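Structural overview for review
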Amino acid sequence: MNGATFMLCGILKCTVASAAETELAALFLNCKEVKIIRLILQELGHAQPPTPVHCNNKTAAGIANDTVKKQQSRLMEMRFFWVADQVKNRLFDIQWHPGQENLAGYFTKHFESRHHQEVRPWYLHMDNSPKFSPRAVTPSTLRGCVGT
């Protein structure tokens, strides 16, 4: 926990046609900014391993990691495929995580003040801060329909 974190909040300046394209655009914008930070650290003599980037969209992570067939993604803006090139160059390690594990999603939602107080230990260094990141329930542990 307590490692360096970067998150960019902004509005896309283009029209996207799918959730995967939106996530890929967000990956592009975040990785573009992080690449500058990586270059600064390298110039200061701090070698950088591939930067882990969490994504909660399997398709976008698959496109970035080149594990998804790109036939349907040809209409996406080409600049978004820059992320896939950076992954091939071992600058970034795009990892898919379920929404419950994606701590960055918190900042994109509106919550009541009570909720903000409950999750504060996850985002600030406090005495009661958790030592490990949250893990979502695995699908194999979920059984049947709700209420049965």
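Quick summary incoming for the structure in this document. Everything numeric here is computed off the predicted structure, so don't read it as measured data.

Calculation notes
- Residues numbered from 1 in each chain as written.
- Predicted model: local features only at pLDDT ≥ 70, side-chain atom pairs only at ≥ 80, totals over all residues.
- Heavy atoms only, no water.
- Helix = DSSP H or I, 4+ residues; strand = E, 2+ residues; numbered from the N terminus.
- Buried < 20%, exposed > 50% of the residue type's maximum accessible area, 1.4 Å probe, protein only.
- Contact = heavy atoms within 4.5 Å.
- Areas by Shrake-Rupley, 256 points an atom, 1.4 Å probe, with all protein chains shown as cover.
- Salt bridge = Lys/Arg side-chain N within 4 Å of Asp/Glu carboxyl O.
- Axes fitted to C-alpha atoms, helices over the stretch in contact; angles between N-to-C directions.
- Parallel < 35°, antiparallel > 145°, perpendicular 65-115°, else oblique.
- Left-handed = near helix turned anticlockwise from the far one by under 90°.
- Nonpolar A, V, L, I, M, F, W, Y, C, P; charged D, E, K, R; others polar.
- Core = buried A, V, L, I, M, F, W, Y, C linked by side-chain atoms within 4.5 Å.
- Disulfide = S-S within 2.5 Å.
- Patch = residues over 30% accessible without salt bridge, like charges linked within 9 Å, V, L, I, M, F, W, Y side chains within 5 Å.

1. Some points on the overall build of the protein chain
- Secondary structure summary: the protein chain contains 4 helices and 2 strands in total.
- Secondary structure elements of the protein chain, listed N to C terminal, follow the sequence α-β-α-α-β-α.
- The burial tally for the protein chain puts 27% of its 148 residues in the buried class.
- Expressed as a percentage of contacts within the protein chain between residues at least 6 apart in sequence, the contacts between residues at least 24 apart total 66%.
- Summing over all exposed atoms, the protein chain offers an accessible surface of approximately 10,900 Å²; the carbon and sulfur share of this is 57%.

2. A short note on the pattern of salt bridges
- Tallied over the full model, the rule gives 1 salt bridge.
- Between Arg 114 and Glu 118 there is a salt bridge, and its shortest N-O distance comes to 3.1 Å. Of this pair, Arg 114 and Glu 118 are both found in helix α4 (residues 113–123), 4 residues apart, which corresponds to roughly one turn of the helix.
- Among the residues examined, Arg 114 registers a relative accessible area of 52% and is labelled exposed.
- Assessed through its relative accessible area of 49%, Glu 118 is described here as partly exposed.

3. Looking at the packing of helix α1 (residues 19–43) against helix α2 (residues 58–65)
- Interaxial distance between α1 and α2 falls to 8 Å at its minimum, and their mutual angle equals 55 degrees. On the basis of the axis angle, α1 is oblique to α2. For the element pair α1 and α2, the recorded crossing hand is right-handed. Here Ala 20, Glu 23, Leu 24 and Leu 27 of α1 lie close against α2, whose contacting residues are Thr 59, Ala 60, Ile 63 and Ala 64.
- Taken together, the residues of the contact of α1 with α2 break down into 6 nonpolar, 1 polar and 1 charged.

4. With respect to the nonpolar core
- Counting 20 residues, the largest nonpolar core has Leu 27, Val 83, Phe 92 and Ile 94 as the members making the most contacts within it.
- Of all the elements in the fold, those that place two or more residues in this core are α1, β1 (51–55), α2, α3 (82–88) and β2 (92–96).
- For this core, the leading source of residues is α1, giving 6 residues.
- When residues no more than four places from it in sequence are discounted, the contact partners of Ile 94 are Leu 27, Cys 31, Val 53, Cys 55, Ala 61, Ala 64, Asn 65, Val 83 and Val 87.

5. A closer look at unusual backbone geometry
- Its identity as a non-glycine residue notwithstanding, Asp 66 has a phi of 60 degrees, on the positive side.
- By relative accessible area, which is 40% here, Asp 66 ends up partly exposed.

6. Details of the environment of Phe 28
- Turning to its location among the elements, Phe 28 is positioned in helix α1.
- Considering only alpha carbons, one finds Phe 28 and Phe 81, 53 residues apart in sequence, at a separation of 8.0 Å.

7. Some points on the state of the cysteines
- A full pass over the atoms with the stated rule returns 0 disulfides.
- Free of any disulfide, Cys 31 has its nearest cysteine sulfur in Cys 55, 9.5 Å distant.

8. Some details on a nonpolar patch on the surface
- Together, Phe 6, Leu 8, Ile 36, Ile 37, Ile 40, Leu 41 and Leu 44 line one region of the surface with nonpolar side chains, adding up to about 600 Å² of accessible area.
- Tracing the chain through its elements places Ile 37 in helix α1.
- Given a relative accessible area of 38%, Ile 37 falls into the partly exposed group.

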